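Coordinates in review
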Amino acid sequence: MTNSPLDNLDDQVAGLRSSIDALTTLDELRDAEPFIIGKRSILSSLQKSLGVLAPEDRKEAGARLQEARRLIEGLLETKRGELNAKERVERLDADRMNLGDVVTASVRWPASVGHPSLVAVTQRELEDVFVAMGFTVSEGPEVESDWYNFEALNIPPAHPARGMWDTFYVELGEPETVVLRTHTSPTQIHLMETAVAHGNLPIHAVMPGRCYRRDTPDARHLAAFHQIEGLVVDRGIAFSDLAGVIETFTRAYFGPDIESRLRPGYFPFTEPSAEFEVTCTICRGDGCRTCSQTGWIELGGCGMLDPAVLDAVGIDGDVWSGFAFGFGIDRCAQMRHQIADMRALIENDTRFLRQFS
Ligand code: DAH
């Protein structure tokens, strides 16, 4: 019997199988591949040596060799898949931040932490001023029914004054109209209703919060903004009490250099009504873009409670009287810190925000 180059094929295949088994990384596999299956492999040299066989034996030997090659290729691919999966998991594990990393990675000092927004700080300061004057602080909902936002405030449906408070409507599928509140004045109504229900009059309260209007943002307006409402219901309250509170507030918050003035105005829920203005702090009264060249900035409105509002909440106007006011908190921040364009408050430019940390 003549010797065939394939006499040791089974052993050689077994040898290749254990070489494949021994591979532990994709790099090793890549390096070993030419020797296992490629040009430098035993299988390739066997292929070449088949030429020594008699033509009648060559075909069968070729088929055996082909089968061995297919087996080894299959084993190699299986190994490649396993190593790929294993190394992917290892890479993910290596990338994962564990608790130890967080502890050491965050030891940068001084640590960079956020701070309350200028509007939040201003709200707190305004509350403090009023609390010092004997007011309490209450909050109301930002989504209101038509009754609270308009009707109870003496603004009936289709009243032209509604045009001053064009807003966003909330579709709840209910018969009642529901809006994002256009001012904090509806909180007055909640407060008076509660006080009447519990027999808790008098009221001396301020009510800060977010409001919404369909306004195009400009140097003095934002579509989502903040107000602080004031309400006093007591016996024998006169306009001079209102003027005194406004004056005291202006001095306390803006300091003695800023002048304030009340100008006759119109609000459906107060009678008489006034607009409350302070000297524009950007131009110190000379006139600029921020104050539309008037030298004054309107901070809000105020007035004596309209009898129709007292009626709406069931307060006896013969016994009780009162006043109300509503200021823009963002406007107060703008004037106090001389911010020429209010849009800076919502643009989130950290170079601007950091000034107020
Ligand atoms: N709610 C009014 C507004 O947003 C401001 C206002 C005016 C509030 C007069 C009051 C007030 O309480 O008495 O335009």
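Residues numbered from 1 in each chain as written. Predicted model: local features only at pLDDT ≥ 70, side-chain atom pairs only at ≥ 80, totals over all residues. Heavy atoms only, no water.

Remarks on the overall build of the protein chain
What counts is decided by this rule: Numbered from the N terminus, helices here are DSSP runs of H or I no shorter than four residues, and strands are runs of E no shorter than two. Two things to know: the radius of gyration comes from C-alpha atoms, and the globule rule equals 2.2 Å times the number of residues to the power 0.38. A simple rule labels every residue: compare its accessible area, found with a 1.4 Å probe on the protein chains alone, to the largest value its type can have, and call it buried under 20%, exposed over 50%, or partly exposed in between. Should any heavy atoms of two residues lie within 4.5 Å, those residues are considered in contact. Only the protein chains shown count as cover for residues, and all accessible areas are computed by the Shrake-Rupley method using a 1.4 Å probe.
Helices and strands together make up the secondary structure of the protein chain, namely 12 helices and 10 strands. Over its C-alpha trace the protein chain gives a radius of gyration of 41 Å, far above what one expects of a compact globule, namely 21 Å for 357 residues. Its C-alpha atoms give the protein chain principal-axis dimensions of about 130 × 50 × 40 Å. Looking at the protein chain residue by residue over its 357 residues, the buried ones come to 42%. Sequence-distant contacts, at least 24 apart, represent 69% of the contacts inside the protein chain between residues at least 6 apart. Roughly 19700 Å² of accessible area belongs to the protein chain as shown, and the carbon and sulfur atoms make up 52% of that amount.

Re the sheet that holds strand 2 (residues 143-145)
Our working rule: Strands qualify as paired when DSSP identifies two bridges or more between them.
With antiparallel pairing, the 3 strands of this open sheet are ordered in space as 2-4-3. Looking at strand neighbours, the two that pair on one side only are strand 2 and strand 3 (169-170), the edges of this open sheet. Judged from the 3 bridges that link them, strand 2 and strand 4 (residues 178-180) form a sheet pairing that is antiparallel. Note that in strand 4 the partner of Ser145 across the bridge is Val178.

Focus on the environment of Gly163
Of note, Gly163 is situated in the loop between helix 7 (146-149) and strand 3. With a relative accessible area of 59%, Gly163 lands in the exposed category.

Focus: the site of the ligand
The condition that has to hold: Near is defined per residue: the residue qualifies when any heavy atom it owns lies within 4 Å of the molecule or strand. For this analysis, a polar contact is any N or O atom pair within 3.5 Å, provided that within protein one partner can donate a hydrogen and the other can accept it, and provided that sequence-adjacent residues contribute only side-chain to side-chain pairs. For this classification, Asp, Glu, Lys and Arg are treated as charged, while Ala, Val, Leu, Ile, Met, Phe, Trp, Tyr, Cys and Pro are nonpolar and the rest, including Gly, are polar.
Taken together, 16 residues are adjacent to the ligand, and His183, Ser185, Arg213, Gln227 and Glu229 come closest. Here an oxygen atom of the ligand sits 3.1 Å away from a polar atom, N or O, in the side chain of Gln188. Interatomic distance of 3.3 Å between a backbone N/O atom of Phe325 and an oxygen atom of the ligand. In the complex, the protein chains occlude 95% of the 350 Å² of accessible area that the ligand would expose alone. Those elements that place two or more of their residues in the shell around the ligand are helix 8 (185-198), strand 6 (224-234), strand 9 (296-305) and strand 10 (321-328). Looking at the shell around the ligand, its residues break down into 6 nonpolar, 8 polar and 2 charged.

A word on the pattern of salt bridges
Pairing is possible between side chains of opposite charge, provided their charged atoms come close. Note the cut-off: Criterion for a salt bridge: a side-chain nitrogen of Lys or Arg within 4 Å of a carboxyl oxygen of Asp or Glu.
Throughout the structure, instances matching the rule amount to 15 salt bridges. Residue Asp27 is joined to Arg30 by a salt bridge in which the shortest nitrogen-to-oxygen separation is 2.8 Å. Of the two residues, Asp27 and Arg30 both sit in helix 2 (residues 26-36), 3 residues apart, roughly one turn of that helix. Residue classification places Arg30 among the partly exposed positions, given a relative accessible area of 49%. A salt bridge links Arg263 to Glu275, with the nearest nitrogen and oxygen atoms 3.9 Å apart. Here Arg263 is found in strand 7 (residues 260-267), whereas its partner Glu275 is found in strand 8 (residues 270-279), with 12 residues between them in sequence. A relative accessible area of 36% places Arg263 in the partly exposed class.

A short note on the side chain of Arg181
Heads up, the condition is: By the counting rule applied here, Lys and Arg register as positive and Asp and Glu as negative, while His and the ends of each chain are not counted.
Structurally, the position occupied by Arg181 is in the loop between strand 4 and helix 8. Buried and unpaired, Arg181 has no salt bridge, with Glu142 as the nearest side chain of opposite charge at 5.0 Å. Discounting residues that sit within four places of it in the chain, Arg181 has contacts with Gly140, Pro141, Glu142, Glu144, Asn149, Pro186, Thr187, Pro208, Gly209, Arg210, Cys211 and Tyr212.

Topic: the sheet that holds strand 10
The 7 strands are arranged 1-5-6-10-9-8-7 in an open sheet whose pairing can be described as mixed. A single partner strand is all that each edge strand has here, and the edge strands are strand 1 (136-137) and strand 7.

Considering helix 6 (residues 118-132)
Given 3.6 residues to a turn, an α-helix orients residues that are three or four positions apart in the same direction. The test is simple: For a helix, the expected span equals 1.5 Å multiplied by the residue count minus one.
Helix length check: helix 6 (15 residues) gives 21 Å between terminal C-alpha atoms against 21 Å at 1.5 Å per residue, within 8%. Close packing links the buried residues of helix 6 with strand 1, strand 5 (203-212), strand 6, helix 9 (239-254), strand 10 and helix 11 (329-336).

A look at the environment of Arg40
Along the chain, Arg40 turns up in the loop between helix 2 and helix 3 (42-49). Beyond its immediate stretch of four places on either side in the chain, Arg40 contacts Pro34 and Phe35.

Considering the state of the cysteines
Joining two cysteines, a disulfide is a covalent bond between their sulfur atoms. Rules: Two cysteine sulfurs form what is called a disulfide whenever their separation falls within 2.5 Å.
Taken as a whole, this structure holds 0 disulfides when the rule is applied. With no disulfide of its own, Cys280 has Cys283 as its nearest cysteine by sulfur position, at a separation of 3.7 Å. Cys280 gets classed as buried once you look at its relative accessible area, which sits at 0%.

A few points about the nonpolar core
The condition is simple: What makes a nonpolar core is a set of buried Ala, Val, Leu, Ile, Met, Phe, Trp, Tyr and Cys residues whose side-chain atoms join them at distances within 4.5 Å.
Membership of the largest hydrophobic core comes to 44 residues, with the highest contact counts inside it found for Phe130, Phe249, Phe254, Phe325 and Phe327. Contact partners of Phe325, with chain neighbours within four places excluded, come to Phe130, Phe135, Val206, Ile228, Glu229, Gly230, Leu242, Val245, Ile246, Gly301 and Cys302. By size, the runner-up hydrophobic cluster in this structure holds 25 residues, among which are Trp165, Met207, Leu305 and Val313.

Description of the packing of aromatic side chains
Put simply, the rule is: Centres within 6.5 Å are what make two rings of Phe, Tyr or Trp a pair, Trp counting through its six-membered ring; a difference in plane orientation under 30 degrees is then read as stacked, over 60 as edge-to-face, and the rest as tilted.
Enumeration according to the criterion identifies 16 aromatic pairs in this entry. Relative to Phe325, the ring of Phe135 lies with its centre 6.4 Å away and its plane at 65 degrees, an arrangement referred to as edge-to-face. Separated by 190 residues along the polypeptide, Phe135 in the loop between helix 6 and strand 1 and Phe325 in strand 10 bring together distant segments of the chain. The pair formed by Phe135 and Phe325 is uniform in burial state, with each residue classed as buried. With a centroid separation of 4.9 Å and 85 degrees between ring planes, the pair formed by Tyr253 and Phe254 is classed as edge-to-face. For the pair Tyr253 and Phe254, one class covers both residues: buried.

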